[in-house]
Amino acid sequence: MRVLAIFLTVLGALVLAPAAMGDDPISHLMKSAGKLPQAPADTAAPKVQNASAPGVGTKPRGPLPIVMSARIGEHDDRTRLVLELSDPVNLRTFVLANPDRVVIDMPEVSWRIGAPPRPSGFGAIKSYRYGQFRAGNSRMVLDLNQPVSVSDTLVIPPTGGFGYRVVIDLFPSNRARFDAKAGWPADLKKRESDAEKLAAMIAASQAPEREAARRSGKGPGAGKVIVIDPGHGGLDSGTSGVNGLLEKDLVLAEGLRLSKALKARGYVVHMTRSDDTFIPLRQRVAIARADKADLMISLHADSNPDSNVTGLSIYTLSDGRSDREASALAKRENQSDIIAGVDLSGDNNPVAPILIDLAQRDTINKSSRFATTALSRLKPVTDILARSPHRSASLAVLVAPDVPAVLIELGYLSNRSDAAQMNTDAWRARVARAIADAVDAHFAPPTRQARGEP
Ligand SMILES: [Zn+2]
């Protein structure tokens, strides 16, 4: 009822807006700011803003609602976010601490906001990003410079040539109040762990597939399970190339190509993602473990402030003792969950220091052996990082204690020639083939020479 009252107040303000105020009702709204809701959102139960509109977790039937614009207004008493949509949707907001973020969840939508204006960086919002979080769920994440309290979500129906507008205000708050509110809504938290369980169930049901491939006897590794893990996805784009190529798109394309090559050689291949969806790091690890994968290959592309740095490199897990560059890379890649607004509580926090047990040493040795093989196969087909192309770092996606795993940085999107060649079919085909050759070599029975026989 309160929401409706506010709604009508706002409508009244809009109707009364004199033409001289300009044709932007939001700017007028700002002038009647005193009438807007001040109450911080209650995150316990999602509020339904429009009973007939789709809610979070729903893929709307028919064409997706379109987000047409996003604007951030920085004002003395508040920071205002306005999203313009083609159709009404139900949103829900919640805040997460450490780092401080506001998460805005909505049903699956199509983003057509081009290059939205960036916040100044000095107001409450440091930066923001948006995109698909998972099927049925789009998400916007605002990184904060300071603790805020979040208003109720206000939806303004179309007027004056605008679509539906969603207004969310952020008011200055303090640490104690922010921390008291921060955290995942209970139902979303449950969904997250359900997703991991589901991945495990799906993997278990694929045992017959594994057996059939083993019997096909196609190649040295027939029946072995390879998990291909294209990094990033959805609202986490990864690095942007100097040529506009996004890391998430490059690694998905290359992952699908590698999957095809490996399947043709008799491997059982599972992809952690096969479309532009975000997958949390620990879910990627859970998939590899549940699959009882014989090898996990995570695909990424790097960037460097020095645009002259080029070449492919391969990372295996370290217990934290890595050089400065490797640590910086781990920090970048481990950011993925923070970027997408994932719950980091619990013992699988990718940002927490990685502890390695004794049994894991054997897994790490296998990973290193594969990295060496892969580099020797890749060297003839692409540029390799000049200095120490095999590195180790505390990478959260490589922590499965029982799955040998490598993370391949395919090249530098910050370098013009690397970015250009990674954008070609020819490069992608030969690199996928070389990685598949390395997988074959890794699983090939040792030659007599390697066994130490004459
Ligand atoms: Zn990456």
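Here, every reference points to the structure presented above.
This section reports on the structure supplied with the text. The structure displayed is predicted, hence computed values, not measured ones.

Further remarks concern helix 12 (residues 425–443). Over its 19 residues, helix 12 extends 27 Å from the first C-alpha to the last, a length consistent with the 27 Å expected when each residue adds 1.5 Å. In this structure, the buried side of helix 12 is in contact with strand 11 (225–230), helix 6 (247–264), strand 13 (295–302), helix 10 (358–378) and strand 16 (405–412).

So, about the sheet that holds strand 4 (residues 101–106). Ordered in space as 3-4-7-6, the 4 strands form an open sheet in which the pairing is antiparallel. At either margin of the open sheet sits one strand with a lone partner, and together these are strand 3 (92–96) and strand 6 (125–134). Taken over all neighbouring pairs, the strand axes of this sheet differ in orientation by 20 degrees on average, direction set aside. Bridge count for strand 3 against strand 4 is 5 bridges, and the pairing is antiparallel. Bridge pairing in strand 4 links R92 to D105.

On the secondary structure map, S322 appears in the loop between strand 14 (313–317) and helix 8 (324–334). Since 19 C-beta atoms lie within 10 Å of it, S322 is described here as partly exposed. Considering only alpha carbons, one finds S322 and S392, 70 residues apart in sequence, at a separation of 6.0 Å. Residues within four places of S322 in sequence aside, it is in contact with S327, R391, S392, A393 and S394.

A word on the nonpolar core. Where a protein is soluble and globular, its nonpolar side chains tend to be buried together. The biggest cluster of nonpolar side chains holds 59 residues, and the ones touching the most others in it are I226, A288, M296, I297, L395, V406 and I435. At 7 residues, helix 12 tops the list of elements feeding residues into this core. Beyond its immediate sequence surroundings of up to four residues, I297 is in contact with I226, I228, D229, V406, I408 and I435. If you look at the next biggest cluster of nonpolar residues, it comprises 39 residues, including V56, L96, V102 and V155.

What counts and what doesn't
- Residues numbered from 1 in each chain as written.
- Predicted model: local features only at pLDDT ≥ 70, side-chain atom pairs only at ≥ 80, totals over all residues.
- Helix = DSSP H or I, 4+ residues; strand = E, 2+ residues; numbered from the N terminus.
- Expected span 1.5 Å × (residues − 1).
- Contact = placed C-beta atoms within 7 Å.
- Pairing = 2+ DSSP bridges.
- Axes fitted to C-alpha atoms, helices over the stretch in contact; angles between N-to-C directions.
- Buried ≥ 20, exposed ≤ 12 C-beta atoms within 10 Å, placed from the backbone.
- Core = buried A, V, L, I, M, F, W, Y, C linked by C-beta atoms within 7 Å.

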